[in-house]
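Architecture and fold: a report
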Amino acid sequence: MPQTIELDPAATPQDIENRSFAIIDAEIPEPRPFQDGLWQVARRCVHTLGDTEILADLRLSGKGLAAGVEALRHGCTVFTDTRMAAAGLPLRRMTPLGVTVTPLMALPGLEDTARRLGVTRSRAGVAAVADRLAGQIMVIGNAPTALLALLEALERGAPAPALIVGMPVGFVNAAQSKELLHQSPWPHFTLLGRKGGSAVAAACVNALAELALARRE
């Protein structure tokens, strides 16, 4: 006979999110690897990937948290390497803060530029905005080439973003690019190793936006 499966009664989006966070809190008891606002970021990352094991590889800093929240409170631009990451930043959180979300893939003429230079569109996109990143947030969840291009631009003296969320996923230079980011002096959040993605990168910004909105209230 089929085994009886007990379902959780949570049904609405908010109830499901609250229940998910409660389960994560119960499975990761104190003392947790992150506290206060950093735990809110870490917990949302765990929730997004459905994986508590990522906590060992998450690298979140208080400096990055403070810089990211302040940038959002001042209505920064959030640049993303993909449209998917941009789609993960809902207007209900961004609009009240006056935040603009700009995916690099939507920049005009990007494909022609990438073809002319013989590089990926992500790398070309970073080059196109590198001189206007001061005070903004850069979110990279898919393309290691974008993160490498950003680090190279910063090494050459480009203005640094308020926060870099660098979580590209994959097998080719994803882990290496994130290790280089973690060794860099610029405020950042990252997830070491091969895991990552647009959704978890966007999750970091959503957690910061919740903190920024709470401070407004």
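Just above sits the structure.
The rules behind the values
Residue positions are counted from 1 within each chain, in the order its sequence is given. The model is predicted, so local features are restricted to residues of pLDDT at least 70 and side-chain atom pairs to those at 80 or more, both for listing and for counting; the totals for chains, interfaces and linings are taken over all residues. Only hydrogens and water are set aside; all other atoms, that is, all heavy atoms of the structure, feed into the side-chain values. Each nonpolar core is a collection of buried residues, namely Ala, Val, Leu, Ile, Met, Phe, Trp, Tyr and Cys, held together in the definition by side-chain atoms within 4.5 Å. Accessible area is worked out with a 1.4 Å probe on protein chains only. A residue is then buried under 20% of its type maximum, exposed over 50%, and partly exposed in between. Working rule for contacts: check all heavy atoms of both residues, and any pair within 4.5 Å makes them a contact. We define a salt bridge as a contact between a side-chain nitrogen of Lys or Arg and a carboxyl oxygen of Asp or Glu at a distance within 4 Å. Secondary structure is summarised from DSSP: a helix means a run of H or I of at least four residues, a strand means a run of E of at least two, and numbering begins at the N terminus for each. For this analysis, a ring pair means two rings from Phe, Tyr or Trp (six-membered ring only for Trp) whose centres lie within 6.5 Å, classed as stacked if their planes differ by under 30 degrees, edge-to-face if by over 60, and tilted for the remaining angles. Should the NZ of a Lys or the CZ of an Arg lie within 6 Å of a ring centre and within 35 degrees of the ring normal, that charge is described as sitting over the ring. Strands were regarded as paired on the criterion that DSSP finds at least two bridges between them. Geometry is summarised by axes, namely lines fitted to C-alpha atoms with helices restricted to the contacting stretch, and by angles between N-to-C directions that run from 0 to 180 degrees. A right-handed crossover is one whose linking path, passing over the helix from the first strand to the second, runs clockwise when the strands point away from the viewer. By definition, any crossing whose near helix is turned counterclockwise from its far helix by less than a right angle is left-handed, and any crossing with a clockwise turn is right-handed. Basically, the charged four are Asp, Glu, Lys and Arg, the nonpolar ten are Ala, Val, Leu, Ile, Met, Phe, Trp, Tyr, Cys and Pro, and anything else, Gly included, counts as polar.

**Overview of the nonpolar core**
- If you look at the biggest cluster of nonpolar residues, it comprises 44 residues, and the most contacted ones within it are Leu58, Leu72 and Phe189.
- Non-local contacts of Leu72, meaning those with residues more than four positions away in its chain, are made with Val78, Leu97, Val99, Ile137, Val205, Leu208, Ala209 and Ala212.

**Some words on the pattern of salt bridges**
- Inspection of the entire model under this criterion finds 12 salt bridges.
- For Lys195, the salt bridge is made with Asp51, and the minimal N-O distance between the two is 2.7 Å. Of this pair, Lys195 sits in the loop between β6 (188-191) and α10 (198-216) while Asp51 sits in the loop between α2 (36-49) and β1 (58-59), placing them 144 residues apart in sequence.
- Under the relative-accessibility criterion, Lys195 is labelled partly exposed at 42%.
- Taking relative accessible area as the criterion, Asp51 reaches 17% and is therefore assigned buried.
- Between Asp112 and Arg115 there is a salt bridge, with the nearest N and O atoms lying 3.1 Å from each other. Of this pair, Asp112 and Arg115 both sit in helix α6 (residues 110-117), three residues apart, which is roughly one turn of that helix.

**Here we look at the packing of aromatic side chains**
- As enumerated under the stated definition, the model contains zero aromatic pairs in all.
- The ring of Phe21 is capped by Arg43, whose NZ or CZ atom sits 4.5 Å from the centre of that ring.

**Comments concerning the sheet that holds β1**
- Taking strand neighbours across the sheet as the criterion, the six strands line up as β1-β6-β5-β4-β2-β3 in an open arrangement whose pairing is mixed. Each edge of the open sheet carries a strand with a single partner, namely β1 and β3 (100-103).
- Note that strand β4 (residues 137-140) and strand β5 (residues 163-166) share four bridges and pair parallel. Within the sheet, the bridge partner assigned to Ile140 lies in β5 and is Gly166.
- The strands touched by helix α9 (residues 174-183) within the sheet are β1, β5 and β6, with β6 carrying the most contacts at an inclination of about 145 degrees.

**Regarding the pairing of β6**
- Of the two faces of β6, the one holding His188 and Thr190 and the one holding Phe189 and Leu191 are both buried throughout.
- When β1 meets β6, the two strands line up antiparallel, connected through two bridges. Across the sheet, Arg59 pairs through a bridge with Thr190, a residue of β6.
- You can see the chain leave β5, run along α9 and come back into β6, and the turn it takes is right-handed.

**Observations concerning unusual backbone geometry**
- At the junction of Glu30 and Pro31, the peptide bond is cis and its omega measures out at -5 degrees in the coordinates.
- The backbone of Asn173 shows a phi angle near 70 degrees, a positive value even though the residue is not glycine.
- With respect to the helices and strands, the residue Asn173 is situated in the loop between β5 and α9.
- Using a relative accessible area of 34% as the deciding quantity, one classes Asn173 as partly exposed.

**Here's the deal with the packing of helix α3 (residues 62-73) against α10**
- Look at α3 against α10: their axes get within 9 Å of each other, and the N-to-C directions meet at 65 degrees. Pair α3 / α10 crosses with right-handed handedness. Contact with α3, carried on its side by Leu65, Gly68, Val69, Glu70, Leu72 and Arg73, involves Val205, Leu208, Ala209, Leu211, Ala212 and Arg215 of α10 and no other residues of that element.
- Residues of the contact of α3 with α10, tallied by class, amount to eight nonpolar, one polar and three charged.

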